[in-house]
Amino acid sequence: MKSFEYVIKDEIGIHARPAGLLVKEAKKYESKIVLKKDGKTAEATKLMAVMGLGVKCGNKIEVEITGSDEEAAYESIKMFFEENL
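What this report covers is the structure whose coordinates are included nearby. (Residues numbered from 1 in each chain as written. Predicted model: local features only at pLDDT ≥ 70, side-chain atom pairs only at ≥ 80, totals over all residues. Heavy atoms only, no water.)

### Some words on the pattern of salt bridges
For the structure on display, the rule yields five salt bridges. Across the pair E71 and K2 runs a salt bridge, and its minimum N-O distance is 3.5 Å. One end of the pair, E71, is in helix 3 (residues 70-84); the other, K2, is in strand 1 (residues 2-7), with 69 residues separating them in the sequence. Residue classification places E71 among the partly exposed residues on the basis of a relative accessible area of 44%. Taking relative accessible area as the criterion, K2 reaches 23% and is therefore assigned partly exposed. Put simply, E25 and K28 hold a salt bridge, and the shortest N to O gap is 3.0 Å. (Salt bridge = Lys/Arg side-chain N within 4 Å of Asp/Glu carboxyl O. Helix = DSSP H or I, 4+ residues; strand = E, 2+ residues; numbered from the N terminus. Buried < 20%, exposed > 50% of the residue type's maximum accessible area, 1.4 Å probe, protein only.)

In structure tokens form, the structure reads like this:
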């Protein structure tokens, strides 16, 4: 298992456009990618679950990646957050 924490810098937070892009990116990997915020969790491949976390600018989230291609998924998802959120 690999994980990282990230503070959201996008002034709107995780809204529809970046959430959709995140889901698309997460579906490229076999590994399970889970977002955690304030005790709530959401699989990164489920758009409504990601939106349901209500992540706003300045919120800290934890991203947990578990599976056969977790190393590649970790690098890709971490870069996605840095470039888009």
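### A short note on the environment of E64
Here E64 is to be found in strand 4 (residues 60-66). As for E64 and E43, which are separated by 21 residues in sequence, their C-alpha atoms are 9.6 Å apart. Ignoring anything within four residues of it in the chain, the contact list for E64 reads M1, K2, S3, K32, I33, V34 and K36. Within the structure, the side chain of E64 is placed 2.9 Å from the side chain of K36, a separation counted as a polar contact. (Contact = heavy atoms within 4.5 Å. Polar contact = N/O pair within 3.5 Å; in protein donor to acceptor, adjacent residues only side chain to side chain.)

### Some thoughts on helix 3
In this model helix 3 runs 20 Å from its N-terminal to its C-terminal C-alpha over 15 residues, within 8% of the 21 Å that 1.5 Å per residue would give. Three or more residues of helix 3 are buried, namely E70, A73, Y74, S76, I77, F80 and F81. Tucked inside the fold, the buried residues of helix 3 contact strand 1, helix 1 (16-26), strand 2 (32-37) and strand 4. (Expected span 1.5 Å × (residues − 1).)

### A closer look at the environment of S68
You can see S68 is positioned in the loop between strand 4 and helix 3. Distance in space between the C-alpha atoms of S68 and A26 is 14 Å, their sequence separation being 42 residues. In contact with S68, other than residues within four places in its own chain, are E30 and S31. In this structure the side chain of S68 is engaged in a polar contact, spanning 3.2 Å, whose partner is the side chain of E30.

Treat this as a map of the structure, not an account of what it does.
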